[in-house]
Amino acid sequence: MTTYLIIGNGAAGNAAAQAIRKYDQEGPIHIFSKQKYPFYYTPALPDYLAGEKQLGQFTLHDLDWYEKNRIDLHLDTEITRIDPDQKVAETRQGERYPYDKLLLATGGYSFVPPIKGADADAVYALRTFDDARTIKAKAGESRRAVLIGGGLLGLEAGNGLRKASLAVTVVEFFPRLLPRQMDVPGAAILQKQLEDMGFTFYLGAKTQEIVREGAGLTVVLESGERLAADLVLISAGVRPELTLAQALGLEIDKGVKVDDAMRTSKADIFAAGDLVEHRGRFYGIWPACMEQGQVAGASMAGQDARYEGTVPANTLKVVGIDLMAAGDIDAEGELPAVVSQDEARKIYRKLVFKDKVLAGAILLGDIRGSKEIQQAIRDKKDLASLKPELENLGFDVSAWGP
């Protein structure tokens, strides 16, 4: 009988556990989590900040789920040491757990740039429910928030604070919002829409330091501008959590290197989620974590499973704004594209082509056909013959045929 240990109770770890149990109904499964809560949907944390959802409403697997699937869940338990020769993992309390197959699904952590004053009180990063609870408590006694970082997660967190009645100012290093999901014209339309909702933006701006002044904070920009705040939220991306992987001596570059079966460089140790690099690529997105976890679990259970990569696809969950970006959005405008733009209606639709196939898309304000478009990108569908007609067709994907 095979014993499985999974370190990390996020998307990758839970997907792996489900896959293992699908193929192995008897082998003991242990999941270890540093957090105090069962598996929850991290992208819903901004809804918690806004006061629109409580933890139970975005908990994906409650305790009954683990019991039903005969999975031993160890909450508030950190694995601090792994002996790959003896095949034993050890907790901070000194408890030892033997394993046959082990999965590292330790995820990532919020990157905080080396900004002077970033360690001050009322300066936060949002990654876990405990982070969200702390930020929400501070927001309840605050009027002004400065958000450092204009990426997807940052804007959603900022919108949660806006809904909690805070005035939100965004400082973004890039000259446009959502640099990974939007090109220049699309970002301009999005910015105007967010400004109409109450956001204030400083683009192409860099934070020099954060200063405590009286009861509040001041964010000082390199330009010399000073932004008053009661709380500061830093949203500067995610970095892989590599502490255990480094101690194990695993092969690491952007993240832990894995093959298509999610195996690491050490026998019987697998990895999936925000800590891994696959075929030279680090994803850091929820769908990739789920797909990698499924493959890792199946592989651990002896199946011939393969991970072929994930087409990056993101949506912006801000009420009143529909945005989907997928694949290669060609922000620099170097590839052929079909574009439809209506600034008055805040609509921007762009399909990007590479070697006759659909390579990427931006749909802002009108996301009809987004599922079909994403599927066409995944399938590398040859749409060259339809390119001249697509705009007139209103990007009607039903015209593409099977």
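Quantities reported herein were computed from a predicted structural model and do not represent experimental measurements.

Which residues make up the pattern of salt bridges, and what are the values?
All chains considered together, the criterion is met by 27 salt bridges. Measuring nitrogen to oxygen at the nearest pair gives 3.0 Å for the salt bridge that ties Lys 192 to Asp 196. One end of the pair, Lys 192, and the other, Asp 196, are both in helix α6 (residues 184-197), 4 residues apart, so they sit about a helical turn from each other. With a relative accessible area of 44%, Lys 192 lands in the partly exposed category. In this structure, a network of salt bridges that share partners links the residues Arg 81, Asp 83, Glu 90 and Arg 96.

Just give me the short version of the packing of aromatic side chains, but keep the residues and values in it.
Under the counting rule described, the total for this entry stands at 11 aromatic pairs. On the numbers, 4.9 Å between centres and 80 degrees between planes, the contact of Tyr 41 with Trp 286 is edge-to-face. One end of the pair, Tyr 41, is in the loop between β2 (29-32) and α2 (45-49); the other, Trp 286, is in helix α8 (residues 286-300), and 245 residues separate them in sequence. Exposure remark for Tyr 41: the relative accessible area of 29% places this residue in the partly exposed category. An aromatic cluster of three or more residues is present, and its members are Tyr 37, Tyr 40, Tyr 48, Phe 58 and Phe 129. One Lys or Arg, Arg 239, reaches over the ring of Phe 111 and ends 3.9 Å from the middle of that ring.

Account for empty space enclosed by the protein, naming residues and giving values.
Unfilled space is identified by rolling a water-sized probe across the atoms. One pass over the structure, following the stated rule, counts 1 cavity of 30 Å³ or more. In terms of lining, the largest cavity is formed by Gly 273, Val 276, Glu 277, His 278, Arg 281, Phe 282, Tyr 283, Gly 284, Ala 288 and Gln 292. Broken down by secondary-structure element, the contributors of at least two residues to the lining of the largest cavity are β20 (276-278) and α8. Looking at the lining of the largest cavity element by element, the count peaks at 3 residues for β20.

Which residues make up the pairing of strand β7 (residues 101-104), and what values go with them?
Relative to β7, strand β1 (residues 4-7) is paired through 4 bridges, and the arrangement is parallel. Paired with Leu 5 across the two strands is Leu 102, which belongs to β7. Looking at chain direction, β7 and strand β19 (residues 269-271) are connected through 3 bridges and run parallel. Within β19, the residue paired with Leu 104 across the bridge is Ala 271.

Here is what the cut-offs are and how they apply
- Residues numbered from 1 in each chain as written.
- Predicted model: local features only at pLDDT ≥ 70, side-chain atom pairs only at ≥ 80, totals over all residues.
- Heavy atoms only, no water.
- Salt bridge = Lys/Arg side-chain N within 4 Å of Asp/Glu carboxyl O.
- Helix = DSSP H or I, 4+ residues; strand = E, 2+ residues; numbered from the N terminus.
- Buried < 20%, exposed > 50% of the residue type's maximum accessible area, 1.4 Å probe, protein only.
- Phe/Tyr/Trp six-rings, centres within 6.5 Å; stacked < 30°, edge-to-face > 60°.
- Lys NZ or Arg CZ within 6 Å of the ring centre and 35° of its normal.
- 1 Å grid on protein atoms, 1.4 Å probe; cavity = no way out; pocket = protein on both sides within 12 Å on 5 of 7 lines; lining within 4 Å.
- Points joined across faces, edges and corners; volume = space filled by probe spheres on them.
- Pairing = 2+ DSSP bridges.

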